Amino acid sequence: MKLKLASRNARIQPSATLAITAKANELKAKGIDVVGFGAGEPDFDTPDHIKQAAKTALDKGQTKYTPVGGTKELKETVCAKFRRDYGLDYTPAEILISVGGKHSLFNIFMALVEEGDEVIIPAPYWVSYPEMVAFCGGTPVCVPTKESNGFCMTPAELEAAITPRTKIFILNSPSNPTGGMYSEEHIRALAAVLEKHPDIWIVSDDIYEKLTYDGMRFFSIATISPAWKARTIVCNGMSKAYSMTGWRIGFTAAPKDLTSAMDTIQGQSTSNPTSIAQAASVAGLSGDHSFLTAWVAEFDRRRRYIVERLNRIPGISCFTPKGAFYAFPNISGLLGKKTPSGKTLTDSMGVAAWLIEEHNVAVVPGAPFGAEGFMRLSYATSMEQITKGLDRIETAAKSLK
Ligand code: PLP
């Protein structure tokens, strides 16, 4: 039978970050010693007390459906998290637990975005934002930010991007892929622009909230005032701060009516997230967070090393990230150069292909993040791997003519 896919399939591309990880794994399976800088997940194990809570849930028979939007216990624990970390009071009716932050975001766009709606996405952006918006029929308005501004959108850039069709503005701080981060003052300046456009929703993707460096303090736009809480959809999850990527738990905090619409969408698609992962998340969110100090210190050590080394490689310069676990070097100095095998490097895709094929280093090209002339290196991998990978990148860059 001839396959005729629904036209909406043509609006989205496969995830470039998942593709690079798959390629690296394929080479590794063939016995090739590939250094992977592609990972979007911490290399630490999920803390023991969280794993223990999952085992207890299993033993207690918590293996059945839960309410679609999450257990009462987890919703209350998420409310307590927001009270503790953001100083905000949400009720359980304003919380939705989903199958990872990605699912939370998908629910948001499904509930809010339709044909003709524009969504402002500062670039470089996480690969899935424009794809999800387009899938829902909306128009992603990707606005380039400047490296010299720490990859943060200026109030003037935001103002210029707003039209009567703007439905949502996405804020992701700390950011994937740049590690850029907005200060409280900067967020207040953006809020001053948005104040004039009260119909625009803010999606605040705070998934890297806990991973910040150089004394940078995380600040959420939802905390400015009750009016800002009412127009912000906060999205967060267990993947990054608790090293629980495989458990698939994300959550949103949003006004009750919107949460209820997202709950209905979830009820007709996935139903509840895994019962056992929800029980583990209760332990994670309410338990001891001291493990994070060591994790952040280790990420910070790698961050300093990777940035320092990248800045010494000819043709590469690297902004110092303030959060998350990615370095986002500018590689425009490599473009136009010739490899010893006779290829000319013309773009970030070409650089990434050359690095993996000829030097066994997996990086993610900047293009799918909306940033040609850059590449992303995750430092959520061991210092030994980072050193080996940077040695290879350095040798590769020095071989160019
Ligand atoms: N938001 C950002 C900015 C991310 O980088 C990711 C994961 O890479 C997610 C959301 C979703 O993470 P998950 O679906 O694992 O919770």
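Scroll up for the structure.
Quick summary incoming for the structure in this document. (Residues numbered from 1 in each chain as written. Predicted model: local features only at pLDDT ≥ 70, side-chain atom pairs only at ≥ 80, totals over all residues. Heavy atoms only, no water.)

**A look at the pairing of strand S5 (residues 166-172)**
Right, so step 1: Across the 7 residues that make up S5, a large majority, 6, are buried.
Right, so step 2: In this structure, strand S3 (residues 118-123) lies alongside S5, joined through 3 bridges in parallel fashion. Looking at S5, one finds that glutamate 118 is bridged to threonine 166.
Right, so step 3: The pairing of S5 with strand S6 (residues 201-205) spans 5 bridges and is parallel. Paired with asparagine 172 across the bridge in S6 is aspartate 205. (Buried < 20%, exposed > 50% of the residue type's maximum accessible area, 1.4 Å probe, protein only. Helix = DSSP H or I, 4+ residues; strand = E, 2+ residues; numbered from the N terminus. Pairing = 2+ DSSP bridges.)

**Remarks on the pattern of salt bridges**
Right, so step 1: With the rule as written, the count across this model stands at 28 salt bridges.
Right, so step 2: For aspartate 214, the salt bridge identified is with arginine 303, shortest N-O distance 2.8 Å. Linking aspartate 214 in the loop between S6 and helix H8 (226-230) with arginine 303 in helix H11 (residues 291-311), this pair joins segments that are 89 residues apart in sequence.
Right, so step 3: Classification of aspartate 214 as partly exposed rests on a relative accessible area of 43%.
Right, so step 4: Residue arginine 303 is classed as buried on the basis of its relative accessible area of 1%.
Right, so step 5: Ionic pairing is found between aspartate 300 and arginine 303, a salt bridge with its closest N-O pair at 2.8 Å. Taken as a pair, aspartate 300 and arginine 303 lie in helix H11 at a separation of 3 residues, close to a single helical turn. (Salt bridge = Lys/Arg side-chain N within 4 Å of Asp/Glu carboxyl O.)

**Thoughts on the sheet that holds strand S2 (residues 95-98)**
Right, so step 1: If you walk across this open sheet you meet the 7 strands as S2-S8-S7-S6-S5-S3-S4, and the pairing is mixed. The outermost strands of the open sheet, each flanked by one partner alone, are S2 and strand S4 (139-144). The mean angle between the axes of side-by-side strands here comes to 20°, regardless of whether they run parallel or antiparallel.
Right, so step 2: Here helix H9 (residues 256-267) sits on the sheet and contacts S2, S6, strand S7 (232-237) and strand S8 (250-253); the angle it forms with S2, its principal contact strand, is near 25°. (Axes fitted to C-alpha atoms, helices over the stretch in contact; angles between N-to-C directions. Contact = heavy atoms within 4.5 Å.)

**Some words on the site of the ligand**
Right, so step 1: Near the ligand lie 14 residues; those nearest to it are Gly101, Asn176, Asp205, Ser239 and Lys240.
Right, so step 2: Note that a nitrogen atom of the ligand is positioned 2.6 Å from one of the side-chain N or O atoms of aspartate 205.
Right, so step 3: Measuring from an oxygen atom of the ligand, one finds a side-chain N or O atom of lysine 240 at 2.7 Å.
Right, so step 4: If you map the ligand onto the pockets, it falls in the largest pocket.
Right, so step 5: Per element, the largest residue contribution to the shell around the ligand is 3 residues, and it comes from helix H4 (residues 101-112). (Near = heavy atom within 4 Å. Polar contact = N/O pair within 3.5 Å; in protein donor to acceptor, adjacent residues only side chain to side chain. 1 Å grid on protein atoms, 1.4 Å probe; cavity = no way out; pocket = protein on both sides within 12 Å on 5 of 7 lines; lining within 4 Å. Sits in = over half its atoms within 2 Å of the grid points.)

**A look at the packing of H4 against helix H5 (residues 128-135)**
Right, so step 1: Where H4 meets H5, the axes come as close as 9 Å, and the angle between the chain directions of the two elements is 35°. Between H4 and H5 the crossing geometry is right-handed. Of H5, the residues touching H4 (which contributes Lys102, Leu105, Phe106 and Phe109) are Ser128, Tyr129, Met132, Val133 and Phe135.
Right, so step 2: Grouping the constituent residues of the contact of H4 with H5 by class yields 7 nonpolar, 1 polar and 1 charged. (Left-handed = near helix turned anticlockwise from the far one by under 90°. Nonpolar A, V, L, I, M, F, W, Y, C, P; charged D, E, K, R; others polar.)

**Examining empty space enclosed by the protein**
Right, so step 1: According to the stated counting rule, one finds 3 cavities of 30 Å³ or more in the structure shown.
Right, so step 2: Along its surface, the largest cavity is lined by 19 residues, and Pro122, Pro124, Asn172, Ser175 and Tyr182 are the ones closest to its centre.
Right, so step 3: Within the lining of the largest cavity, the residues separate by chemical class into 13 nonpolar, 6 polar and no charged.
Right, so step 4: Considering only enclosed or pocket space, the second largest cavity measures out at about 50 Å³ in volume. (Points joined across faces, edges and corners; volume = space filled by probe spheres on them.)

**Description of the packing of aromatic side chains**
Right, so step 1: The final tally for this structure, using the stated rule, is 20 aromatic pairs.
Right, so step 2: Ring geometry for phenylalanine 82 and tyrosine 90: centres 5.2 Å apart, planes at 65°, overall edge-to-face.
Right, so step 3: Judged by relative accessible area, phenylalanine 82 falls into the buried class, the value being 0%.
Right, so step 4: Ring geometry for phenylalanine 82 versus phenylalanine 251: centroids 6.0 Å apart, planes at 85°, classification edge-to-face. Residue phenylalanine 82 is found in helix H3 (residues 72-86), and its partner phenylalanine 251 is found in strand S8; the two are separated by 169 residues along the sequence. Each member of the pair, phenylalanine 82 as well as phenylalanine 251, carries the same accessibility label: buried.
Right, so step 5: One aromatic cluster in this structure is built from Phe44, Tyr208, Tyr242, Phe291, Trp295, Phe299, Phe325, Tyr326 and Tyr379.
Right, so step 6: The residue whose ring lies beneath lysine 81 is phenylalanine 82, and the NZ or CZ to ring-centre distance is 5.9 Å.
Right, so step 7: Lysine 229 extends its terminal NZ or CZ atom over the ring of tyrosine 90, reaching a point 4.5 Å from the ring centre. (Phe/Tyr/Trp six-rings, centres within 6.5 Å; stacked < 30°, edge-to-face > 60°. Lys NZ or Arg CZ within 6 Å of the ring centre and 35° of its normal.)

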